[in-house]
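Results of the structural survey
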Amino acid sequence: MRDTVQIHVTADLPIRVRALTYANRAEVRFGKAFPVVLLVDSDAIAVLRRELDEVSAVLDAAAARGGEPPEVTNY
């Protein structure tokens with residue numbers, strides 16, 4: 001059995017973010033009726049942003065080359 005949860009985030013998937021100041025973290029909700037919630041500690045927000053920027057650059061570069069599959073980034 002897998003020990004991860006996977007969701008497919010698309011451009012039309014509702015995403016709502018709010019600061020949980022009492023807990024020093026952010027809440028990211030994906031979806032409406034049965035949302036998946038990602039809790040991110042404030043110290044990890046910059047790390048998450050950096051990783052998303054990195055993978056975005058890789059995907060953009062692949063698209064510029066004609067849609068070649070992106071290289072695998074560190075997991």
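This one's a predicted model, so the numbers in the text were calculated from it and none came from an experiment.

Conventions we followed
- Residues numbered from 1 in each chain as written.
- Predicted model: local features only at pLDDT ≥ 70, side-chain atom pairs only at ≥ 80, totals over all residues.
- Heavy atoms only, no water.
- Helix = DSSP H or I, 4+ residues; strand = E, 2+ residues; numbered from the N terminus.
- Buried < 20%, exposed > 50% of the residue type's maximum accessible area, 1.4 Å probe, protein only.
- Contact = heavy atoms within 4.5 Å.
- Areas by Shrake-Rupley, 256 points an atom, 1.4 Å probe, with all protein chains shown as cover.
- pLDDT = per-residue confidence, 0-100.

1. Concerning the overall build of the chain
- For the chain, the helix and strand inventory stands at one helix and three strands.
- Starting at the N terminus and walking to the C terminus, you meet the elements of the chain as β-β-β-α.
- The buried share of the chain, reckoned over its 75 residues, is 13%.
- Put simply, of all contacts in the chain between residues at least 6 apart along the chain, 2% involve residues at least 24 apart.
- Entry remark: accessible area of the chain is about 6400 Å², with carbon and sulfur atoms responsible for 57%.

2. Observations regarding the confidence of the model for the chain
- For the chain, per-residue confidence averages 89 on the pLDDT scale, and 87% of positions sit at 70 or higher.
- Of all the helices and strands in the chain, helix α1 (residues 42-64) carries the lowest mean pLDDT, 93, while strand β2 (residues 25-30) carries the highest, 97.

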